[in-house]
Structures are given as structure tokens and as C-alpha cells.
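Coordinate inspection notes
Single-letter residue listing:
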Amino acid sequence: MNPLAMMMFLTSLAIGTTITLSSHHWLLAWIGLEINTLALLPIMTKTPHPRAIEAATKYFLTQATASALMLFSCLINAMQTGEWDINTPSNLMTNSLSIAIMMKLGLAPMHFWLPEVLQGISLVTGLILSTWQKIPPMILLFQISHNINLSLTVILGLTSVLIGGWGGIGQTQIRKIMAFSSIGHLGWIIIILKLNPQLSLFNFILYTIMTTAMFLSMIMLSATKMSQISTSWTKNPALTTTTMLVLLSLAGLPPLTGFPPKLLIIMELIKQNMFISATLIMLASLLTLFFYLRLTYIIALTLSPNTHNSTIWRTPTKPWLVFSIINTMALTLLPLTPAILLT
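Residues numbered from 1 in each chain as written. Predicted model: local features only at pLDDT ≥ 70, side-chain atom pairs only at ≥ 80, totals over all residues. Heavy atoms only, no water.

As annotated in an unreviewed UniProt entry, the protein chain carries the name NADH-ubiquinone oxidoreductase chain 2 and comes from Odorrana schmackeri. According to the UniProt record, the Catalytic activity (unreviewed entry) comment for the protein chain reads "a ubiquinone + NADH + 5 H(+)(in) = a ubiquinol + NAD(+) + 4 H(+)(out)". (UniProt positions renumbered as here; feature names shortened; annotations may be inferred.)

In C-alpha cells, the structure reads:
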């Protein structure tokens, strides 16, 4: 793709996100989301492959449906209340607005588009879709969290964690595994949204950091399948080791960065006397733990029979500084958790 065109699309992504984040008006927020969607479509199809075209079509249809439902809800809300302010949706329209935004995020049971779309696009575009594109809808959910239906968030949160774990178990494509991982993490974020929005935001920030680190690792290793990741040790042992640790961090194992949000969410659910929800979400997270541990096992404890005997590590020229900073954050933020939550 022409670098000038790519720069224009990336700038449009940034502008769309900024408009949504800075708006107090539903129509402006909707416009920002539309700019985001339309800017990502050409990036998805920069390699004119049938799978990329199919992924872009599915993404467009899903986002258009969610946008139509969101605009309809905003119009009904304006008719009822006479206001377009984001912080004052009517109780009737909050549910449909929440469902439209959750469809944009890819929460279960509106998740069917996400694994197929991620599988059909490149790793770099998948990184944008899994992190940057989730920021505007998530911020809108935070803004209406005081009006959101608690039963809706708990049911969708539990369903997402269960689907995220169940769907990822049988996958061999890393992009699909990351898609189901994203669904599971979003379930953890949503289940606590009504009760403690600050904790949800903290969890979302850590999810973004860990997912960025994982996608960057896959980009560095040029791996999209489990069979490719199993041969990565001979290419770059240090990078393979950090990739394994990032996977364990995504699984939520102590003492890595992914552990504190899960611990704090379970503690918050118990504090709110939601013992059944806390038990169910912990049991459902065991499914995601299984496929993370399977990937870790493939990386660390298996070796391809076709590896070369060279002792020279191949280290191509890549942005190692950015990658090192993101990886360090994805692994070592546990001691800083109290300071982060107090700020």
C-alpha cells in the first residue's frame, strides 16, 4: 500500500478515536466510531487476498449493524428525554445501547465475527483490531456504566469468559486463539463494569498492554500457527522465553501482570456478595488457562525435528526498544498495582 495512503488511514483512526473520546454528544460519538470503522477497512484489504476481503466484509456488516442499532437507540433517547448528552440515557434505551456497543467490541453472544475476521487479516492489522479499535466503544461503556443493567453485564461477562475459553481449546491458529482470548478478557472487564468502573478500566489497560506484547512477539517471530511457534527457539531463544511468559501473564498466573486484575475482580465480586458469579467465572477461566498452558508447552517443552544446528541467533533489524518496553510492562507490573490504583 502507498505509504501516504497508509498514513492517511492511520491518521483517520486516531481522529475517529479522539472524536469519540472527547465528545459529550451521542451523534459525535457515533461519527467517531464510523470514521474508525471506515479507516480500518482499507488497512484490512491492503493485501488483496480472498480471506482478507471476506474478513473486511464481515467486519463492515457487523459494525454497520451495531452502528444502526446504536443510532436508533440514540434517536429514541433524544425523543424521550430531549437530550443528546452521553451521561443521560433513558433506562429504556440503555440496554439496546449497551448491546450495540458490546457487539462492536465482540462480546459473546455477539462474538461470531471476531475469530473469523482476525484469522483473515495480517498480524499488524489484528493488533490494531484487538487493541486500538476496542478503545472508543469501551470508553462509551465506561461513560454509561452508572446506568447500565447489572444483570446484563453479569450474564454477558460470564458468557464471554465461557465462550472465550471453550472456543479457544481446539484452535491451532494463533490469531483465532488471540480472538477467543480477547473475548474472555472482555468478559472479565464487563462483569465488574457496573460495580467498579475504575477496576474495569485498570483491567482494560492491562489487557491492551498484554495483547500488544503478544501480537508484537508473533510479528517478530513471523508465526501464525502452532507449528511455526514450536520452531521459534532456535531462531531467537530470548524472544521465545518472553513470549512464553507473556502467555502465562495472559492466563493470569502470579507473579505476572495478568494476575492482579483477576484477583481484584474476584475480591470485588465477593465483596458484593456475588459468590456464585465469582465461582462460575473462576471455573470458566480454567478453560482459557488450558489453551495458554498448551501454547506454553509447545513453545518451551517441544522441539521440531527439522531445526538447524547453527549456534548463531538470527536477530533481524526491528524496533526492539518498543518491544522490550511493552514486554517488560506485560510481565512486571504486579508490584506497581497498589500505586496504579491509588492514582
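**Side note on empty space enclosed by the protein**
Gaps left between atoms show up when a probe the size of a water molecule is rolled over them. Here the structure, examined in full by the defined rule, presents three cavities of 30 Å³ or more. Space inside the largest cavity adds up to approximately 80 Å³. Taken together, Leu33, Asn36, Thr37, Tyr59, Gln63, Lys104, Leu105, Trp113, Leu129, Gln133, Lys134 and Pro137 make up the full set of residues lining the largest cavity. Contributing elements (two or more residues each) for the lining of the largest cavity: α2 (26-44), α3 (50-81) and α4 (91-105). With three residues, α2 is the single largest residue contributor to the lining of the largest cavity. Residues that form the lining of the largest cavity fall into these classes: six nonpolar, four polar and two charged. Considering only enclosed or pocket space, the second largest cavity measures out at about 50 Å³ in volume. If you go around the second largest cavity, the residues you meet are Ser181, Gly184, His185, Trp188, Leu250, Ala251, Lys262, Thr288 and Tyr292. Considering only residue class, the lining of the second largest cavity consists of four nonpolar, four polar and one charged. (1 Å grid on protein atoms, 1.4 Å probe; cavity = no way out; pocket = protein on both sides within 12 Å on 5 of 7 lines; lining within 4 Å. Points joined across faces, edges and corners; volume = space filled by probe spheres on them. Helix = DSSP H or I, 4+ residues; strand = E, 2+ residues; numbered from the N terminus. Nonpolar A, V, L, I, M, F, W, Y, C, P; charged D, E, K, R; others polar.)

**Notes on the packing of aromatic side chains**
Taken as a whole and assessed by the stated rule, the structure comprises three aromatic pairs. Note on Tyr59 and Trp113: the rings are 5.7 Å apart at their centroids and 55 degrees apart in plane angle, and the pair reads as tilted. Pair noted here: Tyr59 is in helix α3 and Trp113 is in helix α5 (residues 113-120), with a separation of 54 residues, a long-range link. When the ring centre of Trp188 is taken as origin, the NZ or CZ atom of Lys262, which lies over that ring, is 5.2 Å away. (Phe/Tyr/Trp six-rings, centres within 6.5 Å; stacked < 30°, edge-to-face > 60°. Lys NZ or Arg CZ within 6 Å of the ring centre and 35° of its normal.)

**Concerning the environment of Met329**
Mapped onto the fold, Met329 is located in helix α16 (residues 320-332). In this structure Met329 comes out as partly exposed when scored by relative accessible area, which is 30%. Spatially, the C-alpha atoms of Met329 and Asn2 are 33 Å apart, while their sequence positions differ by 327 residues. Once residues within four sequence positions are removed from consideration, Met329 is found in contact with Ile209 and Thr257. (Buried < 20%, exposed > 50% of the residue type's maximum accessible area, 1.4 Å probe, protein only. Contact = heavy atoms within 4.5 Å.)

**Re the nonpolar core**
Met44 and Leu129 are the most contacted members of the largest nonpolar core, which has 73 residues in total. Residues from two domains meet in this core; each of domain 1 (6-121) and domain 2 (149-307 + 315-342) gives at least three. Those residues in contact with Met44, other than ones at most four positions away along the chain, are Ala52, Ala56, Tyr59, Val117, Ile121, Thr125 and Leu129. Listed in part, the 30 residues of the second largest apolar core include Ala100, Met102, Met138 and Leu141. (Core = buried A, V, L, I, M, F, W, Y, C linked by side-chain atoms within 4.5 Å. Domains from an automatic or database assignment.)

**Considerations on the domain arrangement of the protein chain**
According to the domain assignment, the protein chain consists of domain 1 (6-121) and domain 2 (149-307 + 315-342). Taking only C-alpha atoms into account, the centre of domain 1 sits 24 Å from that of domain 2. Domain 1 puts 17 residues into the contact, and the matching count from domain 2 is 19 residues. Where domain 1 abuts domain 2, roughly 1,500 Å² becomes buried across the two surfaces, and 73% of that area is made up of carbon and sulfur atoms. For the pair domain 1 and domain 2, the number of links is one salt bridge. A salt bridge links Lys176 to Glu116; the nearest nitrogen and oxygen atoms lie 3.4 Å apart. At the junction of domain 1 with domain 2, the criterion picks out four residue pairs in polar contact (both at pLDDT 80 or more). Of all the secondary-structure elements, those providing two or more residues to the side of domain 1 that touches domain 2 are α4 and α5. Per-class residue counts for the side of domain 1 that touches domain 2 are eleven nonpolar, five polar and one charged. (Buried area = accessible area lost by both parts, 1.4 Å probe. Salt bridge = Lys/Arg side-chain N within 4 Å of Asp/Glu carboxyl O. Polar contact = N/O pair within 3.5 Å; in protein donor to acceptor, adjacent residues only side chain to side chain.)

**Concerning the side chain of Asn77**
One can find Asn77 in helix α3. Those residues within four positions of Asn77 in sequence are excluded, and the remaining contacts are Trp26, Gly82, Glu83, Thr88, Pro89, Ser90 and Met93.

**Quick look at unusual backbone geometry**
The omega torsion across Ala108 and Pro109 is 5 degrees, close enough to zero to call that bond cis. Among the structural elements, Pro109 can be located in the loop between α4 and α5. Cis peptide bonds are those with omega within 30 degrees of zero, and the linkage from Pro254 to Pro255 qualifies with 5 degrees. Tracing the backbone through its elements, the reader meets Pro255 in the loop between α13 (237-251) and α14 (259-271). Its identity is not glycine, yet Ser222 carries a phi of approximately 55 degrees, on the positive side. Summarising the element assignment, Ser222 is placed in the loop between α10 (197-221) and α11 (226-229). In the Ramachandran plot, Asn273 falls in the positive-phi region, its phi being about 60 degrees despite a non-glycine side chain. Position of Asn273 relative to the elements: it lies in the loop between α14 and α15 (275-301). According to the relative accessible area criterion, Asn273 is exposed, its value standing at 58%.

**Focus: the packing of helix α8 (residues 150-168) against α15**
At a minimum axis separation of 8 Å, α8 and α15 run at an interaxial angle of 25 degrees. It follows from the interaxial angle that α8 and α15 lie roughly parallel. The way α8 lies across α15 gives a crossing that is left-handed. Residues Val154, Leu158, Val161, Leu162, Gly164, Gly165, Trp166 and Gly168 of α8 pack against Ser277, Leu280, Ile281, Ala284, Ser285, Leu287, Thr288, Phe291 and Arg294 of α15. Taken together, the residues of the contact of α8 with α15 sort by class into ten nonpolar, six polar and one charged. (Axes fitted to C-alpha atoms, helices over the stretch in contact; angles between N-to-C directions. Parallel < 35°, antiparallel > 145°, perpendicular 65-115°, else oblique. Left-handed = near helix turned anticlockwise from the far one by under 90°.)

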